[in-house]
Amino acid sequence: MDWYDAFKGVSAEAEAALAEEERVERSSLLRRLRDNLSKARTTLRDHFRGILFERVDESLWEQVEEALIFADVGVEATVKIVARLEAMAAERNIGTREELLDALAQVVSDMLRPADPDRQRIDVSATPAVILFVGVNGTGKTTTIGKLAYRLKELDKTPLMVAADTFRAAAVEQLEQWAQRVACDIVKGAPGSDPASVVYDGLAAARSRGRDVVLIDTAGRLHTQVNLMKELEKVRRVVEKLIPGAPHETLLVLDATTGQNGLRQAEVFREAVEVSGVVLTKLDGTAKGGIVVAIHEALGIPIKLIGVGERLDDLRPFDADQFARAVFSGEGVK
Amino acid sequence: MFESLTERLQEALGELRGHGKLSESDIDKAMREIRLALLEADVNFKVVRDFVAHVKERALGQEVIQSLTPAQQVVKIVNEELTALMGAGDSKLAFGSRPPTVILMVGLQGSGKTTACAKLANWLKKDGKRPVLIAADVYRPAAIDQLVTLAERVAVPVFAPGADVDPVEIAKRGIEFAREKGDVAIIDTAGRLHIDEDLMEELARIRAAVKPHNILLVVDAMTGQDAVNAAQEFRARVDIDGVVLTKLDGDARGGAALSVRAVTGKPIKFVSTGEKLGEFDSFHPDRMASRILGMGDILSLIERAQEQIDEQQAAAMEEKLRRAEFTFEDFLVQMKQVRKMGSLSSILGMLPGIPGAKQLKGVQLDDKQLDRVEAIVFSMTREERRHPEIIDGSRRQRIARGSGSTVQDVNNLLKQFREMQKLLRSMAGGKMPRFLPRGFGM
């Protein structure tokens, strides 16, 4: 998917300008990702190379299962995928490695694609559009906000950051450095102050300064911390109260290295703050991030963005086909 | 779907319990459950394969078949194998013959290195050492500020020359700084991907420059299958000595701990279990295995309690409890001691039978609730705390106003308190529990 297709509510001219830029940028990005992936000691392609020369038999299916487990897809979703793949293999009389790989990618991307493609877009059509970022500690919320602010500015939006992580030492400073880097407005609270009140100030500032997208950074919290989850609910309530219809997006930031606990995180965060999408970060490592398959399958939460590196432009719209292929064939995500 | 590893194993082994002797198909059935449970717990699938094969081999042996209680034998084998996989005995830090002892903290982005550095410093300080923190993460925005802030909180010296200095240089000069200011140097490095050639090379250069006594890999307990890739690569490039497992206060089953231990052969040395700086402990593989099998981490709890509760005070309290003379004043003292042990949820997590959040759904683990209870007690006069029976309607109103709560809150607390006293009276003469009865004030 392309950037100009990733948002609901950006202007046509901005989209067109970006489309051209996209084409140029893509080739180099892809090369970089290939480099990264080739550095990984064993990619899944190697895994499949070894196994898929064989005929399609029982042990092969077991190995497909293992490959899925290895990608953190999880036992339940793996069983589902294999069952669908088996049906497809029988139906299409699949006998070769390539055919099976294609079918596998297809099954997985089908599982990742929301029925309504609109649901995968990030809604910034309201003014101001409010995006709340939530997640457990260390997944890359602050970094994602920095990169998204950069992208929004490219699209002629005027983002404003709200540093509502008043808990973690120097979290505000971290977001502040991103704000400087991408030349974006920021509203911040004092360390230890109530995050809900910082959010209140941030929304008021966005209105009075006429900013059109508000990006709210919250403190990382384990979903098992009852009082911290309540604090987050309060933040959401303040947003709802101040701007009817907001937050327009509540994005759960998830680390691609996360295992099966990711599903639980999504479940609990959804219950608390109505998560509208997932940002899957750190896909530039060797982790596959397969837990998002389970998350979309079980909870219907669409994956909206992926993080693929340290650079400002290393945040990308999520594309189910490309993701499925990258996860199970060792090709880069673009 | 979210049954804990404990439950799954209990389920698998519970079925075995019904039989007198084990058939091979019984064992196969149990092993399949164990395999699934471990995979769902994020244990790497190769590690799972080896583990299950090993357990099966032992279970099929004569010792089980001819044993009088085969089910118990299987539980024992799984427990032993789990313990063996995570390394036997306690894992300690290596200390240099001449100070400063150097500890290099490495890991992926967001695993919790900076926080772990501060917590380790705090832990070492309590142990009588004089730790010094060194800020060598020059890449992540404000990482240095974060370490400096945490150092202040722990009250240890910090060496932070800034983000425009080469990390190798920072580490080298940091050791000099540590030699003057303390006896242990903890170096915080930038998070890096194990496939990032340049940054891994930089880490190798830091290692060569400061020759650390300990290189600790910080691993997020929620990590999935990829934990083995990162761990293997960090071990290959900088030869780690051990692992710090973080974010263990969540409900992740922590299979990464097993995986990392199995593929690197390096021990897990510490676990980090909460938002508070004191929530950091040395790792006990035997206890972890017991915990996985549902016996609870009662040993850790007892140790922490012993460290933080004044023994004499506890004895006096027990005496009072025994004679059912427990008043609100005693209650305040008791509450203060429980708090010293960390957050309520981390304490409850260590108790047997409460392995995960699932069982705790009805129980509010809200530390703020404790604040409210405390506020109510603080609003009582000394006389009222000693003789709660004199608290009448107008006193209740005053207490409610004073503590910013409602009369109903005060009533609830008084009611619970009376029930507890009743309970104590009925138990008088018996051995008293050291901790607040569950449900009290919650």
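Caption draft 1: Looking closely at the packing of aromatic side chains. Overall, the coordinates contain five aromatic pairs over all chains when judged by the stated rule. The interplanar angle of 85° and the centroid separation of 5.7 Å between the aromatic rings of A:Phe70 and B:Phe45 together place this pair among those described as edge-to-face. Of the two residues, A:Phe70 sits in helix 3 (residues 58-70) while B:Phe45 sits in helix 3 (residues 45-60), which places them in two different chains. A relative accessible area of 15% means that A:Phe70 is categorised as buried. According to the relative accessible area criterion, B:Phe45 is buried, its value standing at 7%. Geometrically, the ring pair formed by B:Phe270 and B:Phe280 is stacked, given 5.1 Å between the ring centres and 20° between the ring planes. Of the two residues, B:Phe270 is situated in strand 7 (residues 268-272) and B:Phe280 in strand 8 (residues 280-282); the sequence distance between them amounts to 10 residues. On the accessibility criterion, B:Phe270 (2% relative accessible area) is buried. Cluster of aromatic residues (ring-pair linked, three or more members): B:Trp123, B:Phe270 and B:Phe280. One residue, B:Lys129, lies across the ring of B:Phe95, its end atom 4.7 Å from the ring centre.

Caption draft 2: View of the interface of chain B and chain A. The partner chain A presents 47 residues to the 43 residues of chain B that form the contact. In this assembly, chain B and chain A are joined by one salt bridge. Here A:Glu66 makes a salt bridge to B:Arg49, at a shortest N to O gap of 2.7 Å. In this assembly, chain B and chain A are joined by 14 residue pairs in polar contact (both at pLDDT 80 or more). Contributions of two or more residues to the side of chain B that touches chain A are made by helix 2 (24-40), helix 3, helix 7 (143-154) and helix 10 (227-238) of chain B. Considering every element that reaches the side of chain B that touches chain A, the biggest residue donor is helix 7 of chain B, with five residues. Each residue belonging to the side of chain B that touches chain A can be placed in one class, and the counts come to 15 nonpolar, 13 polar and 15 charged.

Caption draft 3: Fine view of the nonpolar core. One finds A:Ile81, A:Leu112, A:Ile216, A:Leu280 and A:Ile295 to be the most contacted residues of the largest nonpolar core, which totals 76 residues. It is helix 5 (residues 97-112) of chain A that provides the largest number of residues to this core, a total of eight residues. Discounting residues that sit within four places of it in the chain, A:Ile81 has contacts with A:Leu68, A:Val73, A:Leu104, A:Val107, A:Val108, A:Met111 and A:Val293. Residues A:Phe70, B:Val47, B:Ile134 and B:Ala256 belong to the second largest nonpolar core, which totals 66 residues.

Caption draft 4: Representation of the side chain of B:Ser111 in the model. All names here are of chain B. Mapped onto the elements of the fold, Ser111 is located in the loop between strand 1 (101-107) and helix 6 (113-126). Given a relative accessible area of 3%, Ser111 falls into the buried group. In terms of polar contacts, Ser111 uses its side chain to reach the backbone carbonyl oxygen of Leu108, at 2.9 Å. A polar side-chain atom of Ser111 sits 3.4 Å from the main-chain carbonyl oxygen of Val218. If sequence neighbours within four positions are ignored, Ser111 has contacts with Val218, Asp220, Thr246 and Lys247.

Cut-offs applied
- Along each chain, numbering runs from 1 in the same order as the chain's sequence is written.
- By the order in which they are written, chains take letters starting at A while ligands take numbers starting at 1.
- Given that the model is predicted, a residue must reach a pLDDT of at least 70 before its local features are reported, and side-chain atom pairs must reach 80 or more before they are shown or counted; all residues, however, enter totals for whole chains, interfaces and linings.
- Note that water and hydrogens are dropped before the side-chain values are worked out from all heavy atoms of the structure.
- We call Phe, Tyr and Trp rings a pair once their centres come within 6.5 Å, taking the six-membered ring for Trp, and we label the pair stacked below 30 degrees between planes, edge-to-face above 60, and tilted otherwise.
- Secondary structure elements follow DSSP: runs of H or I no shorter than four residues count as helices, runs of E no shorter than two count as strands, and numbering proceeds from the N terminus.
- For the exposure calls, accessible area comes from a 1.4 Å probe over protein chains only, and a residue counts as buried if that area is under 20% of its type's maximum, exposed if over 50%, partly exposed in between.
- Consider the ring centre and the ring normal. A charge sits over the ring if Lys NZ or Arg CZ is within 6 Å of that centre and within 35 degrees of that normal.
- The contact criterion used throughout is that any non-hydrogen atoms of two residues lie within 4.5 Å.
- The rule for a salt bridge is simple: a side-chain nitrogen of Lys or Arg has to be within 4 Å of a carboxyl oxygen of Asp or Glu.
- Under this definition, polar contacts are N or O atom pairs within 3.5 Å; protein pairs additionally need one hydrogen-donor-capable and one acceptor-capable atom, and for neighbouring residues in sequence, both atoms have to be side-chain atoms.
- We call Asp, Glu, Lys and Arg charged. Ala, Val, Leu, Ile, Met, Phe, Trp, Tyr, Cys and Pro are nonpolar, and the rest, Gly among them, are polar.
- Think of a nonpolar core as a cluster: buried Ala, Val, Leu, Ile, Met, Phe, Trp, Tyr and Cys residues, connected wherever their side-chain atoms sit within 4.5 Å.

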